[in-house]
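Chain by chain, the residues run as shown.
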Amino acid sequence: MGSRPRMVEILSEDGKEQRSVGARIGIAAAILSASILLSRILGFMREAVIAYFYGASSATDAYYAAFTLPDLMAYFLAGGTLSITFIPLFSSFVAKGDEEGGWRLFSIVATTMGSALLAFTILFMIFAPELVPLVFPGFEDPEQLQLAVDMTRIVLPAQMAFYFGGLIAATLFVREVFWPSALAPLVYNICIITGGIVLASFMGIRGFAVGVLVGAFLGPLGLPLFAARKQIKFRPKFSPTDPGFVQFFMLTLPLMLGVSLVTVDEWLLKYFGSMHQEGAITWLNNGRKLTLMAFAIIGQAAGQAALPYLTRLYHEDKHDEMGRMLGISLQRVVFLASVAACGLVAIAAPVVYLIFRRGQFTAEDAALTAQMLTIFAIGLPAWATQAMIARGFYARKDTFSPMIIGSVVVAVSAPVYFLLNEKYGVVGLPVATSVGITLNACTLLTVYKLRYKQLELMMPLSGLLRGLAFGAACGIPAYLAGHHIYDASSQWIATGALAAIFGIFGAIAAVIILIKTPPELEFVLNKLKRRLNKRRGEAEA
């Protein structure tokens with residue numbers, strides 16, 4: 001592979017070396033990863049509470065289905081994530097010293113797009129009884145259908161909070177302020193759990209939907225608003241013809257018109273899942289969420305943290321450094337995702353049992369969820385890859401290419417979902433997910449390399465191969481030992497099996513690192529060593 005790319009260093013005006021871009025991305029990613037980890041833990045506490053009270057049933061299928069219309073509206077109206085297109089634009093104003101221009105654009109975007117989002121929220125709430133049956137043709141029970149309609153109407157206004165909160169958070173990301181985005185998911189999940197428990201006696205599962213609504217306004221909106229209260233300069237201004245807004249809209253339009261398998265996958269799983277036996281949507285949802293927990297901690301956090309820095313390097317015309325930084329980031333996240341995929345396969349049965357197997361959630365439900373998780377985990381390296389490489393496009397203000405690629409991949413993948421669903425039933429759906437997301441990641445990588453050149457494809461490939469070798473060396477012995485112990489009849493035995501898997505996996509990993517540290521881990525380990533040496537020196541002084 002030749003010499004390793006050096007880290008991109010940033011110099012202050014007086015020439016003093018500051019923290020490298022790579023280190024700053026690492027710190028930001030660590031903050032967001034810790035937040036996402038805690039949030040996902042709370043998220044699975046939420047899922048465990050739902051499973052305890054309602055199992056895998058028509059009620060839980062209706063609850064998870066209730067998020068589909070709100071997500072569809074946000075995706076096609078706002079392009080899914082406004083911050084992706086707003087960060088580069090706001091960052092360009094700040095880089096030019098025109099912060100007032102940045103806040104003017106913020107005001108126009110917030111007012112203009114916010115008005116449209118409000119109008120569609122009202123329309124979707126009115127016509128929910130007509131729309132929900134179109135999205136879930138398998139919901140033939142009138143009570144289940146009404147439950148899905150009721151919760152859809154409760155959840156819909158939460159999109160307003162996500163929209164405005166995401167826009168404010170984007171301005172904070174440009175300033176390298178990450179704590180509101182780190183804490184927001186924690187507040188959000190706590191509110192959902194509290195709402196579900198407190199309101200269960202007289203609202204049933206609808207209480208969780210109320211918790212979603214309250215949590216969205218307190219967390220994703222409330223915390224960024226509080227953090228930016230002294231900097232934010234918002235003046236309501238409805239101006240769809242403003243040149244800045246037109247530029248923003250044209251960048252966002254591909255995300256609004258195009259479709260991405262990252263989002264459409266969940267819709268397809270629920271659509272086809274509604275045609276299977278009661279609880280199928282819940283099994284798929286829980287298995288997918290466990291996989292995406294690992295993806296969020298590794299790929300999503302790294303992508304969120306990297307975007308502002310990649311954008312800055314692009315605006316400073318440091319394209320070679322941007323390419324090196326993107327390659328390094330890809331290599332690291334693919335390595336970690338490959339190791340995590342092996343780990344997920346090893347722990348699938350006991351971890352699902354321990355999280356969900358209680359109350360109304362049966363042993364059969366747990367076994368089927370674990371099966372879904374094992375298949376979903378195969379695609380984890382691809383999930384991480386597409387999250388990071390997409391940020392490379394967005395940093396260059398290129399939203400058109402990912403839109404075209406995503407739409408083509410969805411068109412190619414949709415028949416795969418249909419065929420695998422027909423042939424293998426519900427088990428074929430996570431297979432289709434892993435196939436589709438791998439195709440998406442490979443296509444994004446190829447197009448980026450061909451179009452922009454500044455990316456060494458051997459870097460993510462080497463990260464994948466080393467990660468799979470590392471993960472298999474640790475995971476296979478751990479899996480064999482753990483499943484020799486595992487017994488679905490006892491929480492204690494399942495706990496022992498999980499502990500054995502973690503212990504063996506960790507011990508083998510430590511031995512491998514001592515013998516030959518993978519380059520993807522050297523940065524983290526060297527950083528820890530420097531900190532330990534610094535503290536030791538301070539203690540001795």
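Residues numbered from 1 in each chain as written. Predicted model: local features only at pLDDT ≥ 70, side-chain atom pairs only at ≥ 80, totals over all residues. Heavy atoms only, no water.

Colleague: Teacher, can you tell me more about the overall build of the protein chain here?
Modeller: In terms of regular secondary structure, the protein chain is built from 22 helices and zero strands. For the protein chain, the proportion of its 541 residues judged to be buried stands at 56%. Residue pairs at least 24 apart in sequence account for 84% of intrachain contacts in the protein chain once pairs closer than 6 positions are excluded. Carbon and sulfur atoms form 66% of the exposed surface of the protein chain, whose accessible area is close to 22,800 Å². (Helix = DSSP H or I, 4+ residues; strand = E, 2+ residues; numbered from the N terminus. Buried < 20%, exposed > 50% of the residue type's maximum accessible area, 1.4 Å probe, protein only. Contact = heavy atoms within 4.5 Å. Areas by Shrake-Rupley, 256 points an atom, 1.4 Å probe, with all protein chains shown as cover.)

Colleague: How should I be thinking about the packing of aromatic side chains in this particular structure?
Modeller: Enumeration according to the criterion identifies 18 aromatic pairs in this entry. Here the aromatic rings of Phe120 and Phe124 are separated by 6.5 Å at their centres, their planes lie at 70°, and the arrangement is edge-to-face. Residue Phe120 and its partner Phe124 are both found in helix H5 (residues 99-126); the two are separated by four residues, about one turn of the helix. Owing to a relative accessible area of 18%, Phe124 belongs among the buried residues under this scheme. (Phe/Tyr/Trp six-rings, centres within 6.5 Å; stacked < 30°, edge-to-face > 60°.)

Colleague: What should I look at first to understand a nonpolar patch on the surface in this one?
Modeller: Taken together, the side chains of Leu118, Phe120, Ile122, Leu123, Ile126 and Phe127 present a nonpolar region at the surface, about 540 Å² in accessible area. Structurally, Leu123 can be placed in helix H5. Judged by relative accessible area, which is 41%, Leu123 ranks as partly exposed. (Patch = residues over 30% accessible without salt bridge, like charges linked within 9 Å, V, L, I, M, F, W, Y side chains within 5 Å. Salt bridge = Lys/Arg side-chain N within 4 Å of Asp/Glu carboxyl O.)

Colleague: Quick question: what am I supposed to make of the pattern of salt bridges here?
Modeller: Side-chain pairing between opposite charges can occur once the charged atoms of the two side chains come close. Applying the stated rule across the entire model yields nine salt bridges. Between Glu100 and Lys233 there is a salt bridge, and its shortest N-O distance comes to 2.8 Å. Separated by 133 residues along the polypeptide, Glu100 in helix H5 and Lys233 in the loop between helix H11 (206-227) and helix H12 (243-257) bring together distant segments of the chain. The class of Lys233 is partly exposed, set by a relative accessible area of 36%.

Colleague: How should empty space enclosed by the protein be read in this particular structure?
Modeller: Rolled over the atoms, a probe sized like a water molecule indicates the empty space that remains. Summed over all chains, the structure comprises two cavities of 30 Å³ or more. There is about 30 Å³ of room inside the second largest cavity. Together, Ile87, Ser91, Val174, Pro308 and Arg312 line the second largest cavity. Of all the secondary-structure elements, those providing two or more residues to the lining of the second largest cavity are helix H4 (82-95) and helix H14 (280-315). (1 Å grid on protein atoms, 1.4 Å probe; cavity = no way out; pocket = protein on both sides within 12 Å on 5 of 7 lines; lining within 4 Å. Points joined across faces, edges and corners; volume = space filled by probe spheres on them.)

Colleague: Can you walk me through the environment of Asp398 in this structure?
Modeller: With respect to the helices and strands, Asp398 occurs in the loop between helix H17 (380-395) and helix H18 (400-424). If near-sequence neighbours (up to four positions away) are discounted, Asp398 is found in contact with Phe393, Arg451 and Tyr452. Reaching out from Asp398, the side chain makes a polar contact with the side chain of Tyr452 at a distance of 2.5 Å. (Polar contact = N/O pair within 3.5 Å; in protein donor to acceptor, adjacent residues only side chain to side chain.)

Colleague: Whenever I open this one, the packing of helix H6 (residues 128-135) against helix H7 (residues 142-155) confuses me. Can you help?
Modeller: A pair of packed helices can be characterised by two numbers: the angle between their axes and the separation between those axes. Viewed as axis vectors pointing N to C, H6 and H7 meet at an angle of 115°, and their least axial separation amounts to 9 Å. Note that H6 runs across H7; the crossing there is right-handed. Contacts from Ala128, Pro129, Val132 and Pro133 of H6 reach H7 at Leu145, Ala148, Val149, Thr152 and Arg153. Taken together, the residues of the contact of H6 with H7 sort by class into seven nonpolar, one polar and one charged. (Axes fitted to C-alpha atoms, helices over the stretch in contact; angles between N-to-C directions. Left-handed = near helix turned anticlockwise from the far one by under 90°. Nonpolar A, V, L, I, M, F, W, Y, C, P; charged D, E, K, R; others polar.)

Colleague: Can you help me understand the confidence of the model for the protein chain in this one?
Modeller: Any residue range with low pLDDT should be treated as having predicted coordinates unsuitable for detailed reading. Residue-level pLDDT values for the protein chain average 82, and 86% of them are 70 or greater. When the elements of the protein chain are averaged for pLDDT, helix H22 (residues 519-540) gives the smallest value, 66, and H7 the largest, 93. The low-confidence segment residues 1-19 (pLDDT under 50) makes 38 contacts with residues lying over four places distant or belonging to another chain. (pLDDT = per-residue confidence, 0-100.)

Colleague: In this structure, what is going on with the nonpolar core? I would like to understand it.
Modeller: Note that soluble globular proteins tend to have their nonpolar side chains buried in a common cluster. Tyr63, Phe86, Val109, Ile205 and Ile389 are the most contacted members of the largest nonpolar core, which totals 155 residues. A per-element tally of this core places helix H15 (residues 319-356) first, with 22 residues. Not counting chain neighbours up to four residues away, the residues in contact with Tyr63 comprise Arg46, Ile50, Met151, Ile192, Ile205, Phe208, Ala209 and Val212. (Core = buried A, V, L, I, M, F, W, Y, C linked by side-chain atoms within 4.5 Å.)

Colleague: Looking at this model, I keep getting lost on the environment of Thr369. Mind explaining?
Modeller: Tracing the sequence through the fold places Thr369 in helix H16 (residues 363-377). Spatially, the C-alpha atom of Thr369 lies 9.1 Å from that of Ala280, the residues being 89 residues apart in sequence. Excluding anything up to four places from it in sequence, Thr369 contacts Trp283, Asn286, Gly287, Val352 and Phe361.

Colleague: Sorry if this is basic, but what is going on with the side chain of Ser274 here?
Modeller: Looking at where Ser274 falls in the secondary structure, it is placed in the loop between helix H13 (261-273) and H14. Overall, Ser274 belongs to the buried group, its relative accessible area being 6%. Residues contacting Ser274, with those up to four places away along its chain left out, are Phe136, Pro137, Gly138, Phe139 and Ile281.

Colleague: Sorry, what's going on with the packing of H15 against helix H20 (residues 458-485) here?
Modeller: Contact pair H15 / H20: the axes reach a minimum separation of 8 Å and the direction vectors enclose 15°. With respect to each other, H15 and H20 are oriented roughly parallel. H15 and H20 meet at a crossing whose hand is right-handed. In terms of residue class, the contact of H15 with H20 is built from 17 nonpolar, nine polar and one charged. (Parallel < 35°, antiparallel > 145°, perpendicular 65-115°, else oblique.)

Colleague: Could you clarify how one ought to interpret H15 in this entry?
Modeller: Within an α-helix, residues lying three or four positions from one another point in the same direction, as the helix has 3.6 residues per turn. Given a rise of 1.5 Å per residue, 38 residues ought to cover 56 Å, yet the end C-alpha atoms of H15 are separated by just 48 Å, more than 12% below that figure. Along H15, the largest kink reaches about 65° and is centred on Ala348; proline Pro350 follows within four residues of it. With respect to burial, H15 is a largely interior element, 33 of its 38 residues being buried. (Expected span 1.5 Å × (residues − 1). Bend = angle between axes of the 7 residues up to and from the residue.)

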